[in-house]
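Each chain, letter by letter, is given below.
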Amino acid sequence: MIHGPCGLAKLNSPCMKQGKCSKFFPKKFIVATIIDEDGYPIYKRQNNGIFVEKNYIQMDNSNVIPYIVHLLMRY
């Protein structure tokens, strides 16, 4: 699942609030999954140069929404 486009690519996106994405996308690249001080996971995101095109805009791993297939299908 891919979030966006939003930000500078599409300023009138529904997730945009006061000029920033309310979902904090695109996320930063990080080498390993870690847990922050509040107990929330910060998922691994590799900058491997692979991208997809959505609405004529190239999107990389910083726009990927992590999900669990079994929970997605159940709910």
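Residues numbered from 1 in each chain as written. Predicted model: local features only at pLDDT ≥ 70, side-chain atom pairs only at ≥ 80, totals over all residues. Heavy atoms only, no water.

1. With respect to the overall build of the protein chain
- Looking only at helices and strands, one finds one helix and six strands in the protein chain.
- Reading the protein chain from its N terminus to its C terminus gives the helix and strand order β-β-β-β-β-β-α.
- Along the first, second and third principal axes, the C-alpha set of the protein chain runs to 30 × 30 × 30 Å.
- The 75 residues of the protein chain split such that 19% are buried.
- About 6,400 Å² of surface is accessible on the protein chain, with carbon and sulfur atoms providing 58% of the total.
- Charged side chains of the protein chain number 10 positive and 5 negative; the gap between the two group centres comes to 7 Å. (Helix = DSSP H or I, 4+ residues; strand = E, 2+ residues; numbered from the N terminus. Buried < 20%, exposed > 50% of the residue type's maximum accessible area, 1.4 Å probe, protein only. Areas by Shrake-Rupley, 256 points an atom, 1.4 Å probe, with all protein chains shown as cover. Lys, Arg positive; Asp, Glu negative; His and termini not counted. Charge placed at Lys NZ, Arg CZ, Asp CG, Glu CD.)

2. Section: the packing of aromatic side chains
- Counted under the stated rule, the structure contains zero aromatic pairs.
- Its end group placed over the ring of Phe25, Lys27 keeps NZ or CZ at 5.0 Å from the ring centre. (Phe/Tyr/Trp six-rings, centres within 6.5 Å; stacked < 30°, edge-to-face > 60°. Lys NZ or Arg CZ within 6 Å of the ring centre and 35° of its normal.)

3. Observations concerning a nonpolar patch on the surface
- Side chains of Met1, Tyr67, Val69, Leu72 and Met73 sit close together on the surface and give an oily, nonpolar patch of about 550 Å² of accessible area.
- Looking at the secondary structure, you find Tyr67 in the loop between strand S6 (57-59) and helix H1 (69-74). (Patch = residues over 30% accessible without salt bridge, like charges linked within 9 Å, V, L, I, M, F, W, Y side chains within 5 Å. Salt bridge = Lys/Arg side-chain N within 4 Å of Asp/Glu carboxyl O.)

4. With respect to the nonpolar core
- Counting residues in hydrophobic clusters, the biggest one holds five residues: Cys6, Cys15, Met16, Cys21 and Phe25.
- When residues no more than four places from it in sequence are discounted, the contact partners of Cys15 are His3, Cys6, Lys20, Cys21, Ser22 and Lys23. (Core = buried A, V, L, I, M, F, W, Y, C linked by side-chain atoms within 4.5 Å. Contact = heavy atoms within 4.5 Å.)

Structural measurements only, silent on function.
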